[in-house]
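Chain and residue survey
Residues per chain, in single letters:
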Amino acid sequence: MPRGMSRFAAELPPVDDFVELGAGDTPLLELTTLARQLGIERLSAKMESQNPTGSYKDRVAAMSMSLALDRGNPGWIATSSGNAGLAMAAYGVRARLPGFLCLVASAPPEKRLPLAPYGIGVVAVDGVGRQSKSNSDKDLLEQVRAAADRFDLYLGVTAHAYNPDGMRGIDTLAYELAEQAPTMSHVYVPTGGGGLLTAIARGLARRTMPTKVIACQPTGCAPIVEFLRQEIPEPQVPACHCDISALQIPQPPDGIVAALAVKSSDGWGTAADDDAILAAQQLLAETEGIFVEPASAASLASLVRDIAEDRVGAGDHPVLVLSGAGWKDLGRMAERADKFPLVELKRVSEEIEGWFGTLRQRASR
């Protein structure tokens, strides 16, 4: 029996063969400790961080490179803040297709360094990402689209507005959720350009799942959330003022379709500030042993806020989409790691005794 994305081949754009690296069939984990702490009966997490290159973008890359081979494109071109670039590079090599990537210059080193082994063309583009203005991203995307047309390259941008067939790969995430979490009441989706949310909502609708889809964005760059709240006339903001990599998109290319998908599911948008998102990242690690990048933790930060505001009740079963692995943004942990104490060899036993004594004190409280 086929595994991974290919088992849903009949519901995806037709290709002769799938480019496989093991994308899909990611686990759904029960977060029992965190659920108890938040005062709800059930909470689950869809672990997209366990895809081969560490994010849900593997699903897009697998579908895109399969299509590129089927259509006879001599190569591919894409833009990325890090996750999509690494996925396209890996699956492009697997498909034996050369590629060119326009990488956001402010991408964390952990998203830049893994690109080096693949031998693709890469440029780091200034003026997008943290410094984005509403027209900056669009200008870059249009230049990349023009290049794809000129050289007959597969346009691997991870947005429905530019790569609708490739984005269908994410539908498989929703199909898996329908199998794994039939009682799911809400799905909390980290939302930047809107493509992930749009595809999840579409897939759940095809499975007739009565699940509310929640758009989760940082307050410093929340065009879709603000549009859903009717605070702005269209889902775009003048500039990005947040430090959450992958969610720094002031003019999301799939903003309108994502907002419509949220409304169709009777869902809503929730925004949390950077500090709350980073606190949620820490909370996931400390309570459940799950280390994700900050963008993923936007889902938990939004859920925490919604529980506090009584939008989610004790009997609901929300699912967090954890879109990317924690190793993709390790720089934020450097200060803590630098504070690990340096001790002499002869003092190791003393340190262990002190640590264990602290545990005893906590247990006795």
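The rules behind each value
- Residues numbered from 1 in each chain as written.
- Predicted model: local features only at pLDDT ≥ 70, side-chain atom pairs only at ≥ 80, totals over all residues.
- Heavy atoms only, no water.
- Helix = DSSP H or I, 4+ residues; strand = E, 2+ residues; numbered from the N terminus.
- Expected span 1.5 Å × (residues − 1).
- Buried < 20%, exposed > 50% of the residue type's maximum accessible area, 1.4 Å probe, protein only.
- Contact = heavy atoms within 4.5 Å.
- Patch = residues over 30% accessible without salt bridge, like charges linked within 9 Å, V, L, I, M, F, W, Y side chains within 5 Å.
- Areas by Shrake-Rupley, 256 points an atom, 1.4 Å probe, with all protein chains shown as cover.
- Salt bridge = Lys/Arg side-chain N within 4 Å of Asp/Glu carboxyl O.
- Core = buried A, V, L, I, M, F, W, Y, C linked by side-chain atoms within 4.5 Å.
- Domains from an automatic or database assignment.
- Lys, Arg positive; Asp, Glu negative; His and termini not counted.
- Buried area = accessible area lost by both parts, 1.4 Å probe.
- Polar contact = N/O pair within 3.5 Å; in protein donor to acceptor, adjacent residues only side chain to side chain.
- Pairing = 2+ DSSP bridges.
- Axes fitted to C-alpha atoms, helices over the stretch in contact; angles between N-to-C directions.
- 1 Å grid on protein atoms, 1.4 Å probe; cavity = no way out; pocket = protein on both sides within 12 Å on 5 of 7 lines; lining within 4 Å.
- Points joined across faces, edges and corners; volume = space filled by probe spheres on them.
- Nonpolar A, V, L, I, M, F, W, Y, C, P; charged D, E, K, R; others polar.

Overview of helix H8 (residues 195-206)
Helix length check: H8, at 12 residues, gives a terminal C-alpha distance of 17 Å against a target of 16 Å (1.5 Å per residue), a fit within 8%. Of all 12 residues that make up H8, 9 are buried, and the element is covered over most of its length. The secondary structure elements touched by the buried residues of H8 are helix H6 (164-167), helix H7 (171-180), strand E7 (186-190), strand E8 (212-218), helix H10 (255-264) and strand E10 (318-322). Backbone geometry just after H8 places threonine 208 at a positive phi near 50°.

Focus on a nonpolar patch on the surface
A cluster of nonpolar residues, Leu345, Val348, Ile352, Trp355, Phe356 and Leu359, forms a patch on the protein surface that exposes about 630 Å² of accessible area. By the secondary structure assignment, leucine 359 is in helix H14 (residues 348-364). Residue class for leucine 359 comes out partly exposed when judged on its relative accessible area of 32%.

Concerning the environment of glycine 75
Note on placement: glycine 75 falls in the loop between helix H2 (57-71) and strand E3 (76-80). Once residues within four sequence positions are removed from consideration, glycine 75 is found in contact with Leu97, Pro98, Leu153 and Tyr154.

Here's the deal with the pattern of salt bridges
When the charged atoms of two side chains lie near each other, side chains of opposite charge can form a pair. Under the defined criterion, the tally for this structure stands at 20 salt bridges. Here arginine 71 makes a salt bridge to aspartate 165, at a shortest N to O gap of 2.6 Å. Of this pair, arginine 71 sits in helix H2 while aspartate 165 sits in helix H6, and the two are 94 residues apart along the sequence. Residue arginine 71 is classed as partly exposed on the basis of its relative accessible area of 47%. The exposure class of aspartate 165 is partly exposed, given its relative accessible area of 31%. Through salt bridges with shared partners, a single ionic network connects Lys46, Glu48, Arg59 and Glu176.

Here's the deal with the nonpolar core
Ile170, Val187 and Ile200 are the most contacted members of the largest nonpolar core, which has 63 residues in total. Here this core gets 7 residues from one element, more than from any other, and that element is H2. Three or more residues apiece are contributed to this core by two domains, here domain 1 (6-51 + 170-332) and domain 2 (56-165). Setting aside residues up to four positions removed in sequence, valine 187 forms contacts with Leu177, Ile200, Leu204, Thr211, Lys212, Val213, Ile214, Val319 and Val321. Formed by 34 residues, the second largest nonpolar core is a distinct cluster that contains Cys221, Leu247, Ala298 and Leu320.

Some remarks on the side chain of aspartate 254
Structurally, aspartate 254 is set in the loop between helix H9 (223-228) and H10. As a buried residue without a salt bridge, aspartate 254 has its nearest oppositely charged side chain in arginine 202, at a separation of 8.1 Å.

Considerations on the domain arrangement of the protein chain
Looking at the protein chain, the domain boundaries give domain 1 (6-51 + 170-332) and domain 2 (56-165). Each of domain 1 and domain 2 has a C-alpha centre, and these two points are 22 Å apart. Taken together, the contacts link 50 residues of domain 1 with 36 residues of domain 2. The junction of domain 1 with domain 2 conceals about 3400 Å² of combined surface from both sides, 55% of it contributed by carbon and sulfur atoms. Together, Val19, Leu21 and Lys328 form the three largest contributors to the area buried by domain 1 at its contact with domain 2, with a combined 20%. Inspection of the domain 1/domain 2 interface yields 3 salt bridges.

Looking at the environment of serine 64
Summarising the element assignment, serine 64 is placed in helix H2. Since its relative accessible area comes to 0%, serine 64 is described here as buried. For the pair serine 64 and arginine 150, spaced 86 residues apart in sequence, the C-alpha to C-alpha distance is 19 Å. Those residues within four positions of serine 64 in sequence are excluded, and the remaining contacts are Met88, Tyr154, Asn163 and Gly166.

Examining the side chain of arginine 168
Tracing the backbone shows arginine 168 in the loop between H6 and H7. A polar contact of 2.4 Å, which involves the side chain of arginine 168, links it to the backbone oxygen of glutamate 11. Setting aside residues no more than four positions away along its own chain, arginine 168 makes contact with Glu11, Leu12, Pro13, Arg202 and Arg206.

Details of the sheet that holds strand E2 (residues 44-47)
An order of E1-E2-E10-E7-E8-E9 is seen for the 6 strands of this open sheet, with the pairing classed as mixed. Bordering the open sheet on either side are strand E1 (28-30) and strand E9 (268-272), each of which pairs with just one other strand. For this sheet the average axis-to-axis angle between neighbouring strands, irrespective of direction, equals 25°. For E7 and E8, the ladder comprises 5 bridges, and the chain directions are parallel. The residue of E8 that forms the bridge with proline 190 is cysteine 216.

Some points on empty space enclosed by the protein
Taking a probe equal in size to a water molecule and rolling it over the atoms shows the remaining empty space. The tally for this structure, following the rule as stated, stands at 2 cavities of 30 Å³ or more. For the largest cavity, the calculated volume is near 580 Å³. Lys57, Ser81, Gly193, Ala246 and Ile249 are, among the 33 residues lining the largest cavity, the residues nearest its centre. Taken together, the residues that form the lining of the largest cavity break down as 16 nonpolar, 14 polar and 3 charged. When residues are assigned to domains, the lining of the largest cavity turns out to be shared by domain 1 (6-51 + 170-332) and domain 2 (56-165), each giving three or more. By volume, the second largest cavity is sized at about 30 Å³. Taken together, Met5, Phe18, Val19, Glu20, Leu21, Gly22, Ala23, Ala62 and Tyr91 form the lining of the second largest cavity. For the lining of the second largest cavity, the residue count by class is 7 nonpolar, 1 polar and 1 charged.

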